[in-house]
Amino acid sequence: MTLMVALMLNEILRVAIIQNSLDPEAAWKDFPSGNWKDAVQMSAVEEAQAMREIRYYMSGLHVDRNEIDVVLLPELSVPVGFENRLKKIAEQLQTIIIAGFDYRIVPGATVPTVSNDALVIVPRKLNGKKILKATATKRVGKTHPAPAEKRKLEKIASAGPNGVMFQPHPTVWIFDSVEFGKFGVAVCYDFLDLDRMAMYRTKIQTLFILALNKDTNSFDHIAEAAARMVFCNVIVCNCGHFGGSFAVAPFKKAFERTLYRNMGARLANAQIVALPLLDIESAQNGKITNKEFKSLPPGY
């Protein structure tokens, strides 16, 4: 998917990280009604809370909309019925939204099956510039379910003897924008896929991870390692129930490397972070020698 939006790469990429307070245990009950479809869709209470928080934080971003290029929402954090509304919000903000949606029930599957998707929404105007005839969307599906996620789906007895199946999406998407550079989008457990990281190497300036992850410390370390080995910005947008949203760039000085970290459980928050972009691309091409960034990894 190519976004032809300007004549040159921006110096920085401005990203709004929204960490909502969704409680996974309350949102997805194993046996809410005896209907397996209810077990893979947010509970009514958590869905209402999710929509309230999304509206609240998005309304706050309207004030700074000319200062935002991308808005992130965590894995599984957006109710499936909120897609059209989120498209309208992207059009109003004139910014790209990358959001993790609730489980999508796969139509026509012979056994109960769900997909865990991120949705990339590109409005027809970005920061006042018309780039498309109409708002465009692209689904980025999760390839590998987390073991606990897979076990939970398989335990939904009302779906049948094997529970609910997970549909993998073994496709790696790279989005290409003249203004915002090249970026990748991955959903949670796919962040641990070494083959995926190898595919991103030399090809992107920014990697967005949408997560619903308890082990926040591990993801911090993985993000910093990925920033070095892929040599790009890495942003983890995690659900606020666990906290741990994180942004890192491969700067040489350690105190500059972590651009954003929100630690602590049950913290809903929204923050705009400025990421290096033009300098990252220049360093990737060997054009910067002033030691601002770490050295390129071997064989880059």
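Every value quoted in this text rests on a predicted model; they were computed, and no experiment measured them.

Draft legend 1. Quick look at a positive patch on the surface. Taken together, Arg124, Lys125, Lys130 and Lys133 make up a surface patch of like positive charges. Considering the arrangement of structural elements, one finds Arg124 in the loop between β7 (117-122) and β8 (125-126). You can call Arg124 partly exposed: its relative accessible area is 36%.

Draft legend 2. Focus on the packing of helix α3 (residues 44-61) against helix α4 (residues 83-93). Between α3 and α4, the least distance of the axes is 10 Å, while the angle of their chain directions is 10°. Here α4 runs roughly parallel to α3, going by the angle between their axes. The way α3 lies across α4 gives a crossing that is left-handed. On the side of α3, the interface is formed by Ile54, Met58 and Leu61, while α4 contributes Leu86, Ile89 and Leu93. The residue inventory of the contact of α3 with α4, partitioned by class, reads six nonpolar, no polar and no charged.

Draft legend 3. Inspection of the pairing of β7 at higher detail. Among the six residues that make up β7, six are buried, leaving the element largely enclosed by the rest of the structure. Here β7 shows two buried faces, one formed by Asp117, Leu119 and Ile121 and the other by Ala118, Val120 and Val122. Note: strand β4 (residues 96-101) against β7, four bridges, orientation antiparallel. Following the sheet pairing, Ala99 is matched in β7 by Leu119. Bridge count between β7 and strand β10 (residues 136-141): six bridges; the pairing is antiparallel. Each bridged residue has a counterpart across the sheet, and for Ala118 the counterpart in β10 is Val140.

Draft legend 4. Structural detail: the sheet that holds strand β6 (residues 113-115). Ordered in space as β5-β6-β11, the three strands form an open sheet in which the pairing is mixed. Of all the strands in the sheet, just β5 (104-105) and β11 (165-166) have a single pairing partner and so form its edges. Bridge count between β5 and β6: two bridges; the pairing is antiparallel. Within β6, the position partnered with Ile105 by the bridge is Val114.

Draft legend 5. The layout of surface pockets, seen in detail. Empty space within the largest pocket amounts to approximately 570 Å³. Residue assignment for the lining of the largest pocket shows that the elements contributing at least two residues are α1 (24-27), β3 (70-78) and α5 (147-154). Top element by residues in the lining of the largest pocket is α5. It accounts for four residues. Within the lining of the largest pocket, the residues separate by chemical class into 16 nonpolar, one polar and nine charged.

Draft legend 6. Inspection of the environment of Ile131 at higher detail. Here Ile131 is to be found in the loop between β9 (129-130) and β10. Residue classification places Ile131 among the buried positions, given a relative accessible area of 18%. Sequence spacing of Ile131 and Pro147 is 16 residues, and the spatial spacing of their C-alpha atoms is 41 Å.

Draft legend 7. Region of the structure containing the pattern of salt bridges. Summed over all chains, the structure comprises 13 salt bridges. Residue Lys87 is joined to Glu83 by a salt bridge in which the shortest nitrogen-to-oxygen separation is 3.7 Å. Here the residue Lys87 and the residue Glu83 both occupy positions in helix α4, the gap between them amounting to four residues, near one helical turn. Look at Lys87 and you get partly exposed, because its relative accessible area is 23%. Given the relative accessible area of 17%, Glu83 is considered buried. In this structure, Glu149 and Lys142 form a salt bridge, with 2.6 Å as the shortest nitrogen-oxygen distance. Neither residue differs from the other here; Glu149 and Lys142 are each classed as buried. By sharing partners, the salt bridges in this structure join Glu83, Lys87, Arg104, Asp117 and Arg139 into a single network.

Conventions used here
Residues numbered from 1 in each chain as written. Predicted model: local features only at pLDDT ≥ 70, side-chain atom pairs only at ≥ 80, totals over all residues. Heavy atoms only, no water. Patch = residues over 30% accessible without salt bridge, like charges linked within 9 Å, V, L, I, M, F, W, Y side chains within 5 Å. Areas by Shrake-Rupley, 256 points an atom, 1.4 Å probe, with all protein chains shown as cover. Salt bridge = Lys/Arg side-chain N within 4 Å of Asp/Glu carboxyl O. Lys, Arg positive; Asp, Glu negative; His and termini not counted. Charge placed at Lys NZ, Arg CZ, Asp CG, Glu CD. Helix = DSSP H or I, 4+ residues; strand = E, 2+ residues; numbered from the N terminus. Buried < 20%, exposed > 50% of the residue type's maximum accessible area, 1.4 Å probe, protein only. Axes fitted to C-alpha atoms, helices over the stretch in contact; angles between N-to-C directions. Parallel < 35°, antiparallel > 145°, perpendicular 65-115°, else oblique. Left-handed = near helix turned anticlockwise from the far one by under 90°. Contact = heavy atoms within 4.5 Å. Nonpolar A, V, L, I, M, F, W, Y, C, P; charged D, E, K, R; others polar. Pairing = 2+ DSSP bridges. 1 Å grid on protein atoms, 1.4 Å probe; cavity = no way out; pocket = protein on both sides within 12 Å on 5 of 7 lines; lining within 4 Å. Points joined across faces, edges and corners; volume = space filled by probe spheres on them.

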